[in-house]
Amino acid sequence: MSGTLLLLNGPNLGILGRREPEIYGTDTLADIEKAVAAEVSGAGWEVLSLQHDGEGDLVRDIHRHHDDTVGAIVNPGALMMAGWSLRDALAAYPRPWIEVHLSNVWAREQFRHESVIAPLASGIVVGLGAMGYRLAAKALLELVTPADA
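Residues numbered from 1 in each chain as written. Predicted model: local features only at pLDDT ≥ 70, side-chain atom pairs only at ≥ 80, totals over all residues. Heavy atoms only, no water.

Draft legend 1. How the structure looks around the overall build of the chain. The secondary structure content of the chain amounts to six helices and five strands. Taken from the N to the C terminus, the helices and strands of the chain come in the order β-α-α-β-α-β-α-α-β-β-α. Against the compact-globule benchmark of 15 Å for 149 residues, the chain has a radius of gyration of 14 Å, which places it among compact chains. Dimensions of the chain along its principal axes, counting C-alpha atoms only, are 40 × 30 × 25 Å. Looking at the chain residue by residue over its 149 residues, the buried ones come to 45%. (Helix = DSSP H or I, 4+ residues; strand = E, 2+ residues; numbered from the N terminus. Rg over C-alpha atoms; globule rule 2.2 N^0.38 Å. Buried < 20%, exposed > 50% of the residue type's maximum accessible area, 1.4 Å probe, protein only.)

Here it is in structure tokens:
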């Protein structure tokens, strides 16, 4: 089963590795991309990694890759709390997808405790740092059906 996995990262995630490493770790987005690619390579999947600081760009990418991806890993960053157009784009995305957060958002400030997109996700991984992306990739390997690929 071959295909392309969409790895979508939102605002401020392009500076991972130097952004508050005590919260987000020292792995860069490039490190995460490589780890996810290694995780799914055995299935013949490639990874399409996209990161934008603007919600509209993320929405466009979801629409653009609506039909040519097998599933997605989405770290919306702070858009989890108020990214309503991102939520609507993900509601129309026909494949399984996993929401990922590097930090445990429920152990942080109160305003981070609700995700507007989480109810739509196939699953959520929080608080496990960069390893959370690899776990999401493993989950998608199980969730994606041959019809999706």
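Let's pick the thread back up.
Draft legend 2. Representation of the nonpolar core in the model. Counting 21 residues, the largest nonpolar core has V36, I73 and Y133 as its most contacted members. Contributing elements (two or more residues each) for this core: β1 (3-9), α2 (29-40), β4 (97-101) and α6 (131-143). Counting 17 residues, the second largest nonpolar core, distinct from the first, contains L8, I62, A89 and I117. (Core = buried A, V, L, I, M, F, W, Y, C linked by side-chain atoms within 4.5 Å.)

Draft legend 3. Broad picture of the sheet that holds β4. The strand order across the open sheet formed by five strands is β2-β1-β3-β4-β5, and the pairing between neighbours is parallel. For this open sheet the edge positions go to β2 (45-51) and β5 (123-126), each flanked by a neighbour on one side alone. Direction aside, the axes of adjacent strands within the sheet are offset by 20° on average. Sheet topology note: the β4/β5 ladder contains four bridges and is parallel. Bridge assignment links E99 to a residue of β5, and that residue is I124. Across the face of the sheet, α2 comes into contact with β1, β2 and β3 (71-75) while running at roughly 160° to β2. (Pairing = 2+ DSSP bridges. Axes fitted to C-alpha atoms, helices over the stretch in contact; angles between N-to-C directions. Contact = heavy atoms within 4.5 Å.)

Draft legend 4. Spatial organisation of the pattern of salt bridges. Applying the stated criterion across every chain, the model contains four salt bridges. For the salt bridge of R64 with D61, the shortest nitrogen-to-oxygen distance reads 2.8 Å. Of this pair, R64 and D61 are both found in helix α3 (residues 55-64), three residues apart, which corresponds to roughly one turn of the helix. For R64, a relative accessible area of 51% translates into the label exposed. Residue classification places D61 among the buried positions, given a relative accessible area of 3%. (Salt bridge = Lys/Arg side-chain N within 4 Å of Asp/Glu carboxyl O.)

Draft legend 5. Quick look at a nonpolar patch on the surface. A surface patch of nonpolar side chains, amounting to about 230 Å² of accessible area, comprises L128, M131 and L135. Here L128 lies in the loop between β5 and α6. (Patch = residues over 30% accessible without salt bridge, like charges linked within 9 Å, V, L, I, M, F, W, Y side chains within 5 Å. Areas by Shrake-Rupley, 256 points an atom, 1.4 Å probe, with all protein chains shown as cover.)

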